[in-house]
Structure formats: C-alpha cells, structure tokens
Amino acid sequence: METSKRMSTNSIKLLAGNSHPELAQNIARTLGLRLSNIGVYQYSNQETSVTIGESIRDEDVYIIQTGTGEQEINDFLMELLIIIHACRTASARRITAVIPNFPYARQDKKDKSRAPITAKLVAQMLETAGCDHVITMDLHASQIQGFFHIPVDNLYAEPSVLKYIQHKTDIGNAILVSPDAGGAKRVASLADKLDLNFALIHKERQKANEVSRMVLVGDVTGKSCLLIDDMADTCGTLVKASDTLLEHGAKEVLAIVTHGIFSGSAEQKLKNSKLSRIVCTNTVPVDLDVNILDQIDISPTLAEAIRRLHNGESVSYLFTHAAI
Amino acid sequence: MRKCKVFVGNSHPELGHLVCERLGIEAAPCTLKKFANGETSVQIGVSVRDEDVYVIQSGSPEINDHIMELLILVSACRGGSAKKITAVIPQFPYSKQCKMKKHRGAITARMLANLLIMAGADHVVSMDLHASQMQGFFTKPVDNLYGGPSLGKWIREHVEDYREAVVVSKNPGGTKRVTALADSLKINFAMIHTDRRRSKDLYSQNKDKLQLKQRKQSMLRKNKPIIRPGDFENEEENIILTNGIQTARVIKGHVVDDEYVDDADAIQSDGEGSIGTIGSFDAVDSEDDEEDDEQPEKLITLVGNVQGRTAIILDDMIDRPGSFISAAEHMVKNCGAKEVYVIATHGIFTGDCLEQLEMSDDIHKVVVTNTYPISEERIRKSKKLVIIDVSSIFAECIRRDHYGESISVLFDSLASL
C-alpha cells in the first residue's frame, strides 16, 4: 500500500463509459485520480459519437465500461469499441479495457448445433478496435481468456466474497450450496477456504416439456444456506433453489453472486421469494427496489489492478487477497 | 465417396483405418517418415487438387512429433491445392492446457489451435474437448462430437442393474458432464471432492461426535471389508457420516483411517498455513490437477449416496490414476458402494496408470473409447480394460460433412450408432 502514494500518475488516464459511472468514480477516488474529460453522445439517428476532451498521446489509458442494461447493452459495447478506437487513433501508448462484467460471456460455446460463440466475436471486436489489454472479473468460463490474442487479467471477486461471508453471515452454522452442477467447482473452492461443507442442487430435465425438478445432493437441515453463483439474471434458478432448500429443512437461505444483472422479472421474483438476503458485487449497476439486497464494493480490487498494471507489478496478489 | 481423400497419420493408425473401412474407402497413400536428424518428412502419394481432404491424427505418447506431422500434412495438402482440409483429431492434444492454470501460465491449447489454422486447416473435428469453450479458440468451424452416448449405451448394456447405479464425478469440475450422463440414463449422481487437509481440529471434533455413536456404520457393510496394512478393526469409525456427506483422509493416494500417523505429518502441519494461501487460490485452479505428490495428506468427501449401489466414475480422460483409485477406495471401503466402474472418453493412461488401476481391488472395470492409441500388449495384459469403438461416429461425421448434410444428429443424446 505504501507504493500507491508514490505512484507515478503522470501517464495514467481513466476514461469512463456511460454504463456504470458510479463504479468509475469509485475507482478514480481510490486511485486518487480524476476521470478524464470525454463526451459520449448519441446522434439523433442513434449512432454513438465520442469526443476525448484532453490529450492522451503516449498515455496509459484505462477505459471502464461494463456489460449491463436490458436495452442498452449493445450501445454500451459499441461505445466501448468507439472509445478504444478513438484512443488508438489519438496515439495512446497502451489501451486497457476494464470490463467488470464481460458482455455475452454466456455464449461461450457451441452447446447446440449452429450456436454462435459470441464471446469470441466480442473478443475479436475488442482487439480489432485496438485494445491492448483487458481487465475483467469472474469470467463465466475462464477459457474466454483464450479467445483473445492480447493479455487478459481475470480478477476474482472470491476474496471479497470470502470477507463478506466471514464478517456478515452466520458462518458457524453455514453451508455453501451451488444452484447448478456447473458451479460446483466454484463452491468447492470457497468451501475449502472457509472450512465449510457444501451441497449441490441439480435441475433435472426428465423430458423436454416436463417441469424441471430440482434434486438436492447433500443435507441442509437446520443450516443457514449460502447459495453461490457467478451471476443472477432472471433469478428463477435462485428462487427455485431457495424453495428447494427450505423444503429440505434449511433455516434460512442467502444468495451471493458476483454479477447482479437482475433482468426481466427478477425484481418481482425476489420480492415474492423466501430468500432472506441477496448479495451481489457492484460490477454492474443495480437498480432494484428490494429490501433484502446487499452489495459488496469491488472497486478497490479493480483500482489496485489498474495501479499494479500501470506500475508493472504482479497482479496475482489480487487473486487471493481482497484489496482495501 | 468422390473427390474425397482421407489421410491417416501415424499417431493412431488403427482408428484411422477403422474409419476408412466404415467409409468403404482406402486411406490415401502418403509417406510419413523421419529424416536422420529427427525432422519429420511427409510425402503425399496422390493428387489432392480440388479435393475434400480429411486428415486423421489423434494425440499419442509421442505427442509433439505427431502434432508436427499433422501440421506438415495439413500444410502439404494446402500446398497441393486441396479444396477443403479437415483435421480430425479424436483426442485433442494439450487440451488440459486450455486456460491459465497458474499465474503467467500459457494457454497452449489455443496456441495449437492457431497453429492448425495457420497450417491451413479449414475445419476441425474432435471429440469431448476438455472444455467445450475451446471451440472458441479457433477462427474456423469446430465440431465437437460426444462420446457420452456411446458410453451410456455401454452402461445400459453391460452394467447389471444400471437403473440403481450412481454416476460419480471425481472432482467438482466434472459435475456437469456427470449430470448430463445421469440425466440421459435417468439415474442418480454424486460428487467427490478432494481437498487439502482442512483444519485438523474440525476433523477431530467431528470424530468425537462420531464416537458418541450417533450413527453406526457397521450396518453399511454387508461384506467384510478387505483389510489392508494400516487398517484397523474399528474401521467403522473411519468415516464421518453427517447428513449424507462422507469424509475420510487420504494419504499418498490411499484412504486411511484416523489413527494412521504419517511421518511427514508433523512437517506438513507446520507448513499448512502457507499451503493454504499458495495452494489453490481460485475456483478454477483446483480443478483437475492431480497433485498427489505435492500434498501427502488430503481429505476426501463424497457428496451424495452410493450405499449398496454400483458407482460409475465418469470423466473425460483417464490420465493419472491417483484420484480414481482414492475415489474408488473411498466409495467401496467407506461408503458402501457395491462395485466401481471407471469410465472415460479418452484413455491416455500415462506411465503405469493402467497397471495401477488394474491393481486396485476396488475398481471393477475400466472403460474407455478408442480415441487414443493403447498398445496391444497393454490391452492383452489388462483384465479390466474395455474399449468401445467410436470409429463409426467419426466415419459418419466425415461422410455427412463431405456430402454437406447436417451432423447435428450426431450430437443427439441418443446417437451412438
């Protein structure tokens, strides 16, 4: 932490897109910098236009833009590409895209015939626009790192989540639960570090049109269950999982996710749910009128990653430790 | 098939020729040899101009030589004006290196993908890629065929009373694969988790509780367990059976009971704190590294129930035996499993892996497909090994691809030809 005071600020530039100004402000404040002056407008025909209000020649540029918004996700992506391109043509020395929630990350494989791998396409688009480096958080599948030809630092919210669980939950009586089979690994890793047991829920699809049944593997009777996942979108899975857990005698159910996307009818579902708390990080802006919501601020981790990257220090410390 | 040539590389000629046989064609003549200085030389003995070329090359023990051979073959066909070149790679080499394992780790699988495209491949066919996201490494189309249906078919036909069996994942990372098979067979699944020894206090606490005789394990055992050196009579207390989760200790790859004291134990406990921070740091890393040697003592946990049932351990490849053996031992000795089958798509069997699996009393059968070459001598010597032929799937894929038909039927969970 000593070094952060001596940090050379003469060539770091923080640019923020319109997707998550609050997070960008937090990062800037942590770094002791101000956000560079840029203007992002839309023409009346909805084309995006970018102007960069100060010189970034030979500077180390960081562009903060996350994947969010039911209506605007493509606009924000386009905005990011245009800002990158504008910086490239303005002779920035290095351009790093800080994308806390990588858009289209769930389309990462050909799981059905003729399904597109859109995450790959997004990676190629970023490179084509002129991006030199990417910082992101909790990629849906870490293989997405391999879609890029440029370096990608995939940070983890896990240390912050760990801290949250240790300090703000009933850890003595807790059990970790993965709401689907794919997340078992994530939960097992957390369980190891917290010395907790874990259980697993599996959505069984017996037949195509039959209502899916949830199978619980492991026992949760009388426990305080922590559902862990990388993202909460429509929350259908989480709500159903919490019902299943309560049916099996759980005392209470908390959900902890990294990316709280909460699209569609998520708000309604959460209001009607029996979840006692839903916790997410601020990788995406959350606009949710639900009193059980709690947030973990991960801007220190992103800020520290930017600082270390700029100063040419190792980032791996952040994989195991939460920045303050 | 007109305007079509199939080249068979040296890595797995048996599979290549089986595919050709199924297609009813001869493998195209080519000379693959090595110069005295070790360089690989390829000569194509037939015109490939404007033809649809398929090159069949799998992973093998001489992995780098065969990758080079594949690249040179593809490049030679490109130079020979082939219309379209498809690399058929039943077992994709380096596929375990498909993400950054450690900090600064190389994503070698992506590099190999780039090399293939650069050499001139237009299309890649593989089976059960270690991670399906690997398809995104290529800028050209990739068809990832599934071995699951063939394995499922074998289970239905050969495992007695398979409806009562349980499919088990030997690590949390493979759970998705396991649930897919379990769903298609409509049977139950379970999961095994092996981690570094958690705080010993926690473990002994639980043990005390157990000694309060909440649960008697003796009823679990119908058969008398095999007594091995290091096992005591009171083996029943070797398990913590709390709420369907069974835990036991594993030392040097074998399940032991609580009284077992390892010489290295004292030293180990000193360093435990540091192992905690450096050892496994993220959800991704702890996956399939079988670090048996680095960590002498671990804790093995079964989540699920296999009592009195047949357990089927499923994975995408069998590389090293350690985790399979400890998982099988745990399930048979502590959790009351009837029989344990070890089933995987790719049987790589590095070193004496197959022999070790053979020696384990707890493993009933080892079932793999023929995507990876296994020497005839090993097959002959082994009594537990079963090899399923998947050449028909590759042949059908090549035929359909050549005629421009959809191959999605091959992805169908019921397809096993």
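Residues numbered from 1 in each chain as written. Chains lettered and ligands numbered in written order. Predicted model: local features only at pLDDT ≥ 70, side-chain atom pairs only at ≥ 80, totals over all residues. Heavy atoms only, no water.

Caption draft 1: Representation of the packing of helix H2 (residues 63–79) of chain B against helix H3 (residues 108–119) of chain B. Residue and element names in this part refer to chain B. Relative to each other, H2 and H3 sit at 25°, their axes nearing to 8 Å. In terms of axis orientation, H2 runs roughly parallel to H3. Together, Ile67, Leu70, Leu71, Val74, Ser75 and Arg78 of H2 and Leu112, Leu115, Leu116 and Ala119 of H3 make up the contact between the two elements. Residue classes in the contact of H2 with H3 are distributed as 8 nonpolar, 1 polar and 1 charged. (Axes fitted to C-alpha atoms, helices over the stretch in contact; angles between N-to-C directions. Helix = DSSP H or I, 4+ residues; strand = E, 2+ residues; numbered from the N terminus. Parallel < 35°, antiparallel > 145°, perpendicular 65-115°, else oblique. Contact = heavy atoms within 4.5 Å. Nonpolar A, V, L, I, M, F, W, Y, C, P; charged D, E, K, R; others polar.)

Caption draft 2: The arrangement of the pairing of strand S6 (residues 123–127) of chain B in detail. All names here are of chain B. In terms of burial, S6 is a largely internal element, 5 of the 5 residues being buried. Every second residue of S6 is oriented toward a common face, with His123, Val125 and Met127 on one face and Val124 and Ser126 on the other, all of them buried. Of the strand pairs in this sheet, strand S5 (residues 84–89) and S6 are connected by 4 bridges, and their pairing is parallel. Across the sheet, the residue bridging to Thr86 is His123, located in S6. Taken together, the 4 bridges between S6 and strand S7 (residues 142–145) define a ladder with parallel strand orientation. Among the inter-strand pairings, Val125 is bridged to a residue of S7, identified as Asp143. (Buried < 20%, exposed > 50% of the residue type's maximum accessible area, 1.4 Å probe, protein only. Pairing = 2+ DSSP bridges.)

Caption draft 3: Looking closely at the packing of helix H4 (residues 148–158) of chain B against helix H5 (residues 175–185) of chain B. Residue and element names in this part refer to chain B. In the contact formed by H4 and H5, the axes pass within 10 Å of each other and the chain directions differ by 50°. It follows that H4 is oblique to H5 by the angle criterion. Seen from above, H4 lies across H5 with right-handed handedness. Here Gly148, Gly152, Ile155 and Arg156 of H4 lie close against H5, whose contacting residues are Leu181, Ser184 and Leu185. Split into classes, the residues belonging to the contact of H4 with H5 amount to 3 nonpolar, 3 polar and 1 charged. (Left-handed = near helix turned anticlockwise from the far one by under 90°.)

Caption draft 4: Molecular detail of the sheet that holds strand S5 (residues 94–99) of chain A. All names here are of chain A. Spatially, the 5 strands line up as an open sheet ordered S1-S4-S5-S6-S7, and their pairing is parallel. In the strand order of this sheet, the two ends are held by strand S1 (12–16) and strand S7 (152–155), each with one partner. Neighbouring strand axes in the sheet, compared pairwise and without regard to direction, differ in orientation by 20° on average. In terms of strand pairing, S1 meets strand S4 (residues 60–64) through 5 bridges, oriented parallel. Residue pairing across strands places Leu14 opposite Tyr62, the latter belonging to S4. Together, S1 and S4 form the strand contacts of helix H2 (residues 21–31), whose direction differs from that of S1 by roughly 160°. Along the sheet, helix H9 (residues 299–311) makes contact with S1, S4, S5, strand S6 (133–137) and S7, crossing S6 at roughly 155°.

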